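Breakdown of the fold
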Amino acid sequence: MTNSAQPDKAGRPTANAMRRALRRARDGVALDVTEAAVLLQARGADLDDLTASAARVRDAGLEAAGRPGVITYSKSVFIPLTRLCRDKCHYCTFATVPGKLRRDGHGMFMSPDEVLDIARRGAAMGCKEALITLGDKPEDRWPEAREWLEAEGYDDTIAYVRAISIRILEETGLLPHLNPGVMSWTDFQRLKPVAPSMGMMLETTSERLWSEPGQPHYGSPDKEPAVRLRVLEDAGRSSVPFTSGLLIGIGETYEERAESLFALRRVARSYHGIQELIIQNFRAKPDTAMRGMPDAEIDDLVATIAVARHIMGPAGNIQAPPNLIAGEYERLIGAGIDDWGGVSPVTIDHVNPEKPWPQLAELAERSRVAGFTLAERLCVYPEFVQRGEPWLDPRLLPHLRALADPETGLALSDAVVEGHPWQEPDEGYVASSGRTDLHRTIDTEGRTADRRDDFDEVYGDWEALREQAAPGMVASRIDGDVRAALATAADDPTKLTDDEALALLHADGPALDALCSVADDIRKTVSGDDVTYIVTRNINFTNVCYTGCRFCAFAQRRTDADAYTLSLDQVADRAAQAWDVGAVEVCMQGGIHPDLPGTAYFDIARAVKERVPGMHVHAFSPMEVVNGATRTGLSIREWLTAAKEAGLDSIPGTAAEILDDEVRWILTKGKLPTATWIEVIKTAHELGIRSSSTMMYGHVDQPRHWLGHLRTLAAIQQETGGFTEFVTLPFIHTNAPVYLAGIARPGPTTRDNRAVTAMARILLHPHIPNIQTSWVKLGQEGAAEMLRSGANDLGGTLMEETISRMAGSSYGSYRSIEDLIAIAETAGRPAKPRTTLYGEVPEERQRAARASDGQLPELLPLVD
């Protein structure tokens, strides 16, 4: 424990507080915010002490990275794609207005020819980075920006950034480093295939500097600290090597500055994706609202660099722009930096145009005097070059390999900078590979190991995740009147309040029995006694995936023993086999395979329809839809329209998990956020593509999350009417990484399953009439119990099922029609086949199914 620093009469920390903090820094003890704030004020001999210990931390990191005594830089060109911005930062001279651009003879955006001219000049001089900087979402504020984008055929600024990045890659060979400001999770998916790295300065987490009139960020929506932190987290979730940092001296207190550094450390620790921190000192500029504010002092910059080094540790990369430091190279190196950032022999620093870049010879000499060798890196740091997937998109690998030293990950000094094609492979869909019989052998031979050998790295930092998950794992105390809530549910379920619903979700004992009875009564009224099922086949066409879902035991790297990818012929063959035994549907989902082009989904749907025209194609989760859209450069609506034309009939409402980002970002590192899932589902429904809806529960969630999820689904259904059913998906914990790491609980209890099924029936009434239970996850007795608790559907025969079995489900991959009828009979009900959309099954299909009992012949597995 440490005491808060007590300032002396001059407003500085006491000598005792400074000595204590310096001692802890020297000893390598983790600092807290209070100690960091004290050290930020170190001056004189105290500052010398602080920088000496920071330099030792830096040197240990460089030694561990295999580049002792090396300080890096990136040889770049600075491309100000547009200087229009919707924000109004009080210190900025980069942003301007349309009228001034016109008077100076410029367009609202740089034209492709202007961009490529700069990039070509840079390539000719050996530059390898194209730093693309621009204002935030200018089209939201300036009609002239919207008009330019529309005239050039771009939906938004991000679309132009993506397009110009591709041209830079193909025509010049420079690697784009993108700084388009605040980006959404979907923006990252759109831009990741065209840029190996991106960035956005956090600047500060001080809410005061954004919310109070007269402060530097007041009136700038994109400078809200919570928004900027969300961008950093989305970059980590998307496995994008990301640059961030602080702008010091804009009015923040030392405590606020320390809090900002710790916020950056938290993100870096959680996702391992912050490739560098820039510590930039404020320099006042004429013609700005802050022109009279004093510049940040060099001692302030030095102290902040040293404290940042201590907080980020030896593995962090810390940069200071060399054109803003008044020649104090040696002091900054002594404080713990290991990088000088981008330096251009071609273009000026458009953000600080009054401060020219140093000559590279001077930078090398000043670094040498301080005991360091200057080495060129790429825009993406060597650690990420060497990590490869999932941090680098496969389409960028040829561009990176042409410029990177394979041994060090640094830039090749003699690399030829020239364009290389950026495109999907000509052959389209990838060939069959790997353990393609896994759908069968998972039941006989099992999986090779219970976890991947990159378990400790691929999902983020488990300890940080454990801390993040702890608050949500605490059950809420419910004091609601269960008896009154049951009466409301029985009388009119649509009138249940949230408090009443939560009381029922916590029901147990006789109250739970009563709840299930109410739900079953509603089921009888809405759906009758028939238990429906569908003769279907699951086809999981690949399990290669780098998304990083922490609940998923299905995903494999392409080199893992259990990895596989089916060919188009194998997919079509499996569909044809299913049709022969009476199937009316194939349900097709797969991992987010980095080598599959965005059009592969169209190829898969088309292959099935060409082989079996009458088969209903129920395929592609919202995550796959977003992946396809971002890879093709299409909007979600355009991609779904094309998929429908290729043969897609409906989509599974999977990838929902829990529609609450508090839980979602613990369960998954890189999956789509709640808002994007909703966007995909609503868009599909608007296009006439219906979907199921799902909820996976029993992990790090609580009943309050279930309630929010079910309310969200009901609201969507009232708006679109596109859901066919709701499917309960109990969490299978056995091989799930988040359980193996000791974070998630071991799946839902029987009480949980009954309460969720019953409350789904009640809360979704009358909007979603079909509630499905999962025999794969619950077994015969468990599924029968859910049929007595409000469910009316058993799902499908499946014929093969890999996802739950890889997770550790013990209930097999197949149920015959007779098996499903037996489950219904256990619940005292008749069974009836259905189609995907809950229609009548043609007699011909029923005869084929009865003849084979929905069971595949012994010709599986398919031979490659």
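Before reading further, recall that the structure is shown in the block above.
Residues numbered from 1 in each chain as written. Predicted model: local features only at pLDDT ≥ 70, side-chain atom pairs only at ≥ 80, totals over all residues. Heavy atoms only, no water.

Focus on the overall build of the protein chain
In terms of regular secondary structure, the protein chain is built from 35 helices and 21 strands. Overall, the protein chain is about 85 × 60 × 55 Å in size when its C-alpha atoms are taken along their principal axes. Sorting the 864 residues of the protein chain into buried and exposed places 62% on the buried side. Of the contacts made within the protein chain by residues no fewer than 6 positions apart, 77% connect residues no fewer than 24 positions apart. Of the roughly 31,200 Å² of accessible surface on the protein chain, a fraction of 50% belongs to carbon and sulfur atoms. Taken as two groups, the 92 positive and 124 negative side-chain charges of the protein chain have centres that lie 3 Å from each other. (Helix = DSSP H or I, 4+ residues; strand = E, 2+ residues; numbered from the N terminus. Buried < 20%, exposed > 50% of the residue type's maximum accessible area, 1.4 Å probe, protein only. Contact = heavy atoms within 4.5 Å. Areas by Shrake-Rupley, 256 points an atom, 1.4 Å probe, with all protein chains shown as cover. Lys, Arg positive; Asp, Glu negative; His and termini not counted. Charge placed at Lys NZ, Arg CZ, Asp CG, Glu CD.)

Brief notes about the pairing of strand 6 (residues 274-281)
Buried residues dominate strand 6, accounting for 8 of its 8 residues. Of the pairings in the sheet, the one linking strand 5 (residues 242-248) to strand 6 comprises 7 bridges and is parallel in character. Along strand 6, the bridge assignment pairs Phe242 with Ile274. On the question of chirality, the crossover connecting strand 5 to the parallel strand 6 by way of helix 11 (residues 254-271) is right-handed. Taken together, the 2 bridges between strand 6 and strand 7 (residues 318-319) define a ladder with parallel strand orientation. Among the inter-strand pairings, Ile278 is bridged to a residue of strand 7, identified as Gln319. Handedness of the crossover is the feature at issue here: the chain leaves strand 6, passes through helix 12 (residues 298-312), returns alongside strand 7, and the resulting connection is right-handed. (Pairing = 2+ DSSP bridges. Right-handed = clockwise from strand over helix to strand, strands pointing away.)

As for the nonpolar core
Core analysis: the largest hydrophobic core is formed by 125 residues, its most contacted members being Met588 and Trp677. Once residues lying within four places of it in the same chain are set aside, the contact partners of Met588 are Ile539, Phe541, Val571, Ile604, Val608, Val617, His618, Ala619 and Phe620. Membership of the second largest hydrophobic core comes to 120 residues, among which are Val307, Ala320, Trp340 and Val343. (Core = buried A, V, L, I, M, F, W, Y, C linked by side-chain atoms within 4.5 Å.)

Regarding unusual backbone geometry
Omega for the bond connecting Glu389 with Pro390 falls within 30 degrees of zero, at 5°, which places this linkage in the cis form. Relative to the assigned elements, Pro390 resides in the loop between helix 15 (382-387) and helix 16 (397-401). Residue Pro766 is bonded to the preceding His765 through a cis peptide linkage, with omega at 0°. Along the chain, Pro766 turns up in the loop between helix 31 (750-763) and strand 19 (771-772). The backbone of Ser239 shows a phi angle near 55°, a positive value even though the residue is not glycine. Mapping Ser239 onto the fold places it in the loop between helix 10 (225-237) and strand 5. A relative accessible area of 2% places Ser239 in the buried class.

Description of the pattern of salt bridges
When charged atoms on two side chains of opposite charge get close, those side chains can pair. Summed over all chains, the structure comprises 50 salt bridges. Two residues, Asp234 and Arg237, come together in a salt bridge whose shortest N-O distance is 2.8 Å. Remark: Arg237 and Asp234 occur in helix 10; sequence separation between them is 3 residues, near one turn of the helix. Take Asp234: its relative accessible area is 3%, and that puts it in the buried class. In this structure, Arg377 and Glu276 form a salt bridge, with 3.6 Å as the shortest nitrogen-oxygen distance. Taken together, the residues Arg377 in strand 9 (residues 373-377) and Glu276 in strand 6 connect sequence positions 101 residues apart. Each member of the pair Arg377 and Glu276 is classed as buried. (Salt bridge = Lys/Arg side-chain N within 4 Å of Asp/Glu carboxyl O.)

Describing the side chain of Thr542
For Thr542, the position within the fold is in the loop between strand 12 (536-540) and strand 13 (564-565). With sequence-adjacent residues up to four places away left out, Thr542 is seen in contact with Phe554, Tyr564, Thr565, Gly590, Gly591, His593 and Leu596.

What to know about the pairing of strand 9
Most of strand 9 sits out of view: 4 of its 5 residues are buried. Bridge count for strand 1 (residues 70-82) against strand 9 is 5 bridges, and the pairing is parallel. The residue bridging Tyr73 from the neighbouring strand is Glu376, located in strand 9.

Observations concerning the environment of Val70
Inspection of the secondary structure puts Val70 in strand 1. For the pair Val70 and Glu376, spaced 306 residues apart in the sequence, the C-alpha separation amounts to 9.7 Å. Setting aside its immediate chain neighbours within four residues, Val70 contacts Leu62, Asp338, Phe372, Thr373 and Ala375.

Here's the deal with the packing of aromatic side chains
Per the counting criterion, the structure on display carries 14 aromatic pairs. Note on Phe384 and Trp391: the rings are 5.2 Å apart at their centroids and 70° apart in plane angle, and the pair reads as edge-to-face. Grouping aromatic residues by their ring pairs yields a cluster made of Phe541, Tyr601, Phe602, Phe620 and Trp639. The side chain of Arg834 reaches across the aromatic face of Tyr838, ending 4.0 Å from its centre. (Phe/Tyr/Trp six-rings, centres within 6.5 Å; stacked < 30°, edge-to-face > 60°. Lys NZ or Arg CZ within 6 Å of the ring centre and 35° of its normal.)

A short note on the state of the cysteines
Across all of its chains, the model carries 0 disulfides by this definition. The structure places no disulfide on Cys379, whose sulfur is separated from the nearest cysteine sulfur, that of Cys127, by 12 Å. A relative accessible area of 2% places Cys379 in the buried class. (Disulfide = S-S within 2.5 Å.)

Some points on the packing of helix 21 (residues 498-505) against helix 31
Running from N to C, helix 21 and helix 31 point in directions that differ by 150°, and their axes come no closer than 9 Å. Of the residues in helix 31, those in contact with Ala501, Leu504 and Leu505 of helix 21 are Arg751, Ala755, Met759 and Leu763. Within the contact of helix 21 with helix 31, the residues separate by chemical class into 6 nonpolar, no polar and 1 charged. (Axes fitted to C-alpha atoms, helices over the stretch in contact; angles between N-to-C directions. Nonpolar A, V, L, I, M, F, W, Y, C, P; charged D, E, K, R; others polar.)

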